[in-house]
Structures are given as structure tokens and as C-alpha cells.
Amino acid sequence: MIDKLIDRIKKTKAPVVVGLDPMLSYVPEHIQKASFAEYGETLAGAADAIWTFNKAIIDATYDLVPAVKPQAAMYEQFGAEGMRAFQRTVEYCHEKDLIVIGDVKRGDIGSTSAAYAAGHLGKVSVGSRTCTAFDEDFITVNPYLGTDGIKPFVDVCREEKKGLFILVKTSNPSSGEFQDRLIDGKPLYEHVAEKVAAWGADCMGNSYSSVGAVVGATYPEIGKVLRKVMPKSFILVPGYGAQGGKGKDLVHYFNEDGLGAIINSSRGIIAAWKQEAYAGFGAEHFAEASRQAVIDMIDDIGGALRG
């Protein structure tokens, strides 16, 4: 799957992923009203509004980007109906030939990790049949439990030709409480990065590993260090736009081949219609605003990479 992601990045010339992290406050009123008219102000109504919103944004942007990243929590908050919207979103993105990175941040040990891996990346046995559940292409994984928690995911990735992005240095303000702690003279995130490189060594594509890392856009100097620690790992970079990251800050996340990183923007794209820069599109044309935000992001990152 890492090779397919790289091919899609080369084809689109866009190392960009659209974060499909919908809050109801991002969904224009006319969509909410239509869904509530059919399903009531219920969890089903909320899920339908989110699905309708997602579909419009996917239709407006799928030809520009290689990948999308739905954040599971934004769907789980609406219960089973929300997870049905998550499933529909994943399936529709696959219909559009988009790579799907499930932002699920799972992490446990033994059979529990194996079950998470099977549900999101692999297959499950149901009687005499073998079935797929959510079927994302990549998922995000929390490494806090160590190799016991990661190995089941890596095993499924190898079997199913899928991929992982393992949390290494996250963009939230308090990440340093643990991630920056010095151990044997190095911050914890460097030790995690070394393990990511090791875990990925036996799960290689043509030039990069299927085991990548998550490193926030808000730490460009750290990104420069971790790029060297994990030369064969793709880096998923959250924090562009709404959290302050800009193209010029991100050049060191890439290798000299111009590859090695993919930059995520969530509300900066899907809620673009609410921003002053795109207010002229209006709520009725929210998807066109998202498309323009993607174009602007691609131009920003591309310009920075060209120097």
C-alpha cells in the first residue's frame, strides 16, 4: 500500500491528505435541516448530515489529492449510526480511488491488538466465511505499550499489504509532558522513532516502509531530526493550517527525493467556508471552498519544496 500511496502522490503532485474530521458545527445549516427533516434531531440525523457533508467534499477534492484521513472519534460520538457514516465514507473514498488513513489511534496488547488490526486493516472469520470490516488502507497506532502492542498490526500489514502511521511526536501543546522526557540523553520521541524504523525494516515497499510515523507540523526542528532517524519511514504530518503549520516549515519532513511525507489538513479544508479567506463561497458552496483550500495548500507546499 505504501507504493500505491507514493504513486498517487506522484500522479497528483500533492503530498496532501484531507482530514475528514466533521463536527456538526462544520456542516452548513441547509444540510443539517434536510437530514433532521428526514431522521429527526437524532443520532441518525446527525450521522446522515455528516455523510452528506463528507460526500460533497470528497466529490470536490478527490481528483486533487492522494488520500483522506477520517478521524474515528468524530463518528463514534454519534454511536452506531456515526460508525455507519464512517464506513460509508471509507467505502466511498475507495470508489474514488483514494487512499484511506483511518485515524483511530489504537494501541493494546496481544489478542486485543490483533482484533483491532483485523477489524481495521485485515479480515475476520465468520463461520465458513472471511469478511472485511472497515478496510482502511492505513491506520494510526499508539506505541505506548511497546512491541507487544505493535507487532500484531505489523503482521496484518505484511499479510494484507496495508500500512501504519505510529505516533512519534504529536502536535498537541502538552505532548512534551511525556514525549520530550530525556532517556539516556535523548528525548523519548527519538527512542520511539528508532523503534518505528526497526519495526518497519521487515515491512518494506519498493523504497519506503509500510510502517510510518506521525510527527506534528508544529515542531519543524524536531521534524528535521526525526527525518534522519527514520529515513525509510513516511511521515504523516498533522497540524498544517489551523494549528499553525505552513509549507515553509515542512520542507525538512521530506527526503531529497521530494517524498517521505504527507501533510494533513482537517478543519482548514473541510471548514474552509467558515474562514474569512473563503467566505465568499458561502454555505451553499462549502465544497467549492474546500476545493480552493486544497489547491492553495498544494501550491503552498509545492512552492516551499521547490525552494
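For the structure itself, look to the data block above.
So, a few notes on the structure that sits alongside this text. (Residues numbered from 1 in each chain as written. Predicted model: local features only at pLDDT ≥ 70, side-chain atom pairs only at ≥ 80, totals over all residues. Heavy atoms only, no water.)

## Thoughts on the nonpolar core
By size, the foremost hydrophobic cluster in this structure holds 79 residues, and its most contacted members are Leu20, Leu164, Val168, Val196, Met230 and Ile263. The greatest single-element share of this core, amounting to nine residues, is contributed by helix H3 (residues 43-61). Ignoring any residue separated from it by four or fewer positions in sequence, one finds Leu164 in contact with Leu121, Phe138, Ile139, Val141, Phe153, Val154, Cys157, Ser210, Val211 and Gly212. Counting 17 residues, the second-largest nonpolar core is a separate cluster that includes Ile9, Val214, Phe234 and Leu259. (Core = buried A, V, L, I, M, F, W, Y, C linked by side-chain atoms within 4.5 Å. Buried < 20%, exposed > 50% of the residue type's maximum accessible area, 1.4 Å probe, protein only. Helix = DSSP H or I, 4+ residues; strand = E, 2+ residues; numbered from the N terminus. Contact = heavy atoms within 4.5 Å.)

## Focus on the environment of His94
In this fold, His94 is placed in helix H5 (residues 79-95). On the basis of relative accessible area, His94 is assigned to the partly exposed category, the value being 27%. A sequence separation of 56 residues divides His94 from Ile150, and the C-alpha atoms of the two residues are 26 Å apart. The contacts of His94, once residues within four sequence positions are left out, are Val100, Asp135 and Asp137.

## Thoughts on a nonpolar patch on the surface
Residues Ile109, Tyr144 and Leu145 make up a contiguous nonpolar surface patch of about 340 Å² in total accessible area. With respect to the helices and strands, the residue Tyr144 is situated in the loop between strand E6 (138-141) and helix H7 (147-160). Look at Tyr144 and you get exposed, because its relative accessible area is 68%. (Patch = residues over 30% accessible without salt bridge, like charges linked within 9 Å, V, L, I, M, F, W, Y side chains within 5 Å. Areas by Shrake-Rupley, 256 points an atom, 1.4 Å probe, with all protein chains shown as cover. Salt bridge = Lys/Arg side-chain N within 4 Å of Asp/Glu carboxyl O.)

## So, the pattern of salt bridges
Under the defined criterion, the tally for this structure stands at 17 salt bridges. For Glu76, the salt bridge goes to Arg106, with nearest N and O atoms at 3.0 Å. Here the residue Glu76 occupies a position in helix H4 (residues 73-76), and Arg106 occupies one in strand E3 (residues 99-106), the gap between them amounting to 30 residues. Given the relative accessible area of 35%, Glu76 is considered partly exposed. Here Arg106 falls in the buried class, since its relative accessible area comes to 16%. We note a salt bridge from Lys123 to Glu160, for which the minimum N-O separation is 2.7 Å. Placement of Lys123 in the loop between helix H6 (110-120) and strand E4 (124-126) and of Glu160 in helix H7 is noted, with a sequence separation of 37 residues between them. Lys123 sits in the partly exposed class, given a relative accessible area of 42%. Each of Lys55, Asp59 and Lys96 takes part in one network of salt bridges that share partners.

## Considerations on the layout of surface pockets
Empty space within the second largest pocket amounts to approximately 320 Å³. Lining the second largest pocket are 15 residues; nearest its centre among them are Asn142, Pro143, Tyr144, Leu188 and Val192. The set of elements that each furnish at least two residues to the lining of the second largest pocket consists of strand E7 (163-169), helix H8 (176-179) and helix H9 (188-200). (1 Å grid on protein atoms, 1.4 Å probe; cavity = no way out; pocket = protein on both sides within 12 Å on 5 of 7 lines; lining within 4 Å. Points joined across faces, edges and corners; volume = space filled by probe spheres on them.)

## As for the sheet that holds strand E10 (residues 209-215)
Pairing is parallel around the closed barrel formed by eight strands, whose spatial order is E1-E2-E3-E6-E7-E10-E11-E12. When strand polarity is set aside, the average angle formed by the axes of neighbouring strands in this sheet is 30°. Examined bridge by bridge, strand E1 (residues 16-20) and strand E2 (residues 67-70) share four bridges and lie parallel to one another. Residue pairing for E2: Gly19 is matched across the bridge by Lys69. (Pairing = 2+ DSSP bridges. Axes fitted to C-alpha atoms, helices over the stretch in contact; angles between N-to-C directions.)

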